[in-house]
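# Working through the structure, step by step
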Amino acid sequence: MADKCDLCLLGLIILSSLLTGTSGDDDVFISSGENVSLSCNNALSDCKSTTWIYSNIFRRRGRVELITGGIKNKDTERHERLSLESDCSLNIKNVTVEDYGVYTCRQYVNGEQQGPGAYVYLNVLHVSVSSSSSSSSSSSSQTEISPGRSVTLSCQLYSYRYSCYYWVSSEGVELLWVNQAGVDLKTDSRYQILSSSDQYDCIITLTTTLLNEDDNREWRCQLTRRDQLETSVRYTVKYSDPADTASETEVSVTAGSLYRVIVIIVEMAVFAAPTVILLQIICARRAGRKDSKHPEEIEMPTILE
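The structure presented is a predicted model; accordingly, all values stated were derived computationally and were not measured.

It is worth spelling out the pairing of strand β18 (residues 228–237) at this point. Inspection of the sheet shows strand β17 (residues 218–225) paired to β18 by eight bridges, in the antiparallel sense. Looking across to β18, one finds that Leu 223 is bridged to Thr 231. In sequence, β17 turns back onto β18 through a hairpin of two residues, with Arg 226 there showing a positive phi of about 55°.

One non-glycine residue, Asn 94, lies in positive phi territory at about 50°. By relative accessible area, which is 42% here, Asn 94 ends up partly exposed. Although it is not a glycine, Asn 216 adopts a positive phi angle of roughly 70°. Along the chain, Asn 216 turns up in the loop between β16 (202–209) and β17. For Asn 216, a relative accessible area of 42% puts it in the partly exposed group.

Turning our eyes to something else, we now look at the pairing of strand β10 (residues 118–131). Regular strands show a simple pattern: their side chains alternate between the two faces of the sheet. Burial analysis of β10 places 12 of its 14 residues in the buried class, the great majority of the element. The pairing of strand β1 (residues 27–31) with β10 spans five bridges and is parallel. When the sheet's bridge partners are listed, Asp 27 is paired in β10 with Tyr 121. Bridge count for strand β8 (residues 101–109) against β10 is five bridges, and the pairing is antiparallel. The residue of β10 that forms the bridge with Tyr 103 is Val 120. Looking at chain direction, β10 and strand β13 (residues 150–158) are connected through eight bridges and run antiparallel. In the strand pairing of β13, Ser 131 is matched with Val 151.

This next bit is on the packing of aromatic side chains. The tally for this structure, following the rule as stated, stands at eight aromatic pairs. Note on Tyr 121 and Tyr 160: the rings are 6.5 Å apart at their centroids and 25° apart in plane angle, and the pair reads as stacked. Linking Tyr 121 in strand β10 with Tyr 160 in the loop between β13 and α2 (164–171), this pair joins segments that are 39 residues apart in sequence. Exposure class is identical for Tyr 121 and Tyr 160. Each is buried. Ring pairing ties together the aromatic residues Phe 29, Tyr 162, Tyr 166 and Trp 167, which thus form one cluster. When the ring centre of Tyr 54 is taken as origin, the NZ or CZ atom of Arg 78, which lies over that ring, is 4.2 Å away.

Definitions and limits used
- Counting starts from 1 at the beginning of each chain's written sequence and moves along it residue by residue.
- With pLDDT at 70 or above as the cut-off, local features in this predicted model cover only qualifying residues; side-chain atom pairs require 80 or more to be listed or tallied, and sums for whole chains, interfaces and linings still use all residues.
- For the side-chain quantities, the full set of heavy atoms in the structure was used; hydrogens and water were omitted.
- Note on pairing: two strands pair once DSSP finds at least 2 bridges between them.
- Only runs of H or I of at least four residues qualify as helices and only runs of E of at least two qualify as strands under DSSP, and these elements are numbered from the N terminus.
- Throughout, exposure labels follow a simple rule: accessible area from a 1.4 Å probe, protein chains only, divided by the maximum for the residue type, with under 20% read as buried, over 50% as exposed, and the rest as partly exposed.
- A pair of aromatic rings is counted whenever rings of Phe, Tyr or Trp (Trp by its six-membered ring) have centres within 6.5 Å, and the orientation is called stacked for planes under 30 degrees apart, edge-to-face for over 60 and tilted otherwise.
- The rule for a charge over a ring is simple: NZ of Lys or CZ of Arg within 6 Å of the ring centre, and within 35 degrees of the ring normal.

This is the structure we're talking about:
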């Protein structure tokens, strides 16, 4: 039942797009971590009449007004990353997967909407990583792990307007893993490339075992639409410097050895002090008796048990 409801909602979204006259130009593709500017095509000369609205039913979020009357709403989660340009475009800094969805620009004069709303569909490309050295995944654009580890990079397109099937079959969207020279990594046997999709989003994974020469190596997940590059995400492998590690180990060993020597000296001093005092007493007694007695009358010191 839940799947049928989701399909119905998706159908309504597509139908709504057709009825409002939006075109493929209203679809914006951007990689996570980058900045994006969403155009308000029907903007008036005065942006004080501009309202930007965000919604995403797949994220279980309702209608949220980001900009009202040209002013940012500070009670929204992303208000610090938003700004309004002089042409009423909406700027979003450091895009995250939470930002994908539909953005609507509307103009109001004296409380009345001027013309139809302008719809912009933001689609976000994002890469996450998991390795054999950790059960958790990371979304950093750079990872520090050692050679010999198996690593999996998962590149996913978060889309709101269409399903992955529609993007691929009707819009010619394709996800690829390529090297720094732009060569498709499917041609290299050391990489296992798997394309898949969940109910809506396109996913392509890269799995490989890291080699010594992979230090600072860059891989890119790129999205093309009708053979035209739309956006890409770069991922770089960074190994820890072995020299730094050896230096830190040497310093640690040296400090530990020095500490142990000091402890031994202190222990020896603690246990030797009573012995030195006792010997001094014995020697003093023997010296005194030598002065008062003949050699044959000198008593041997008693040995303390």
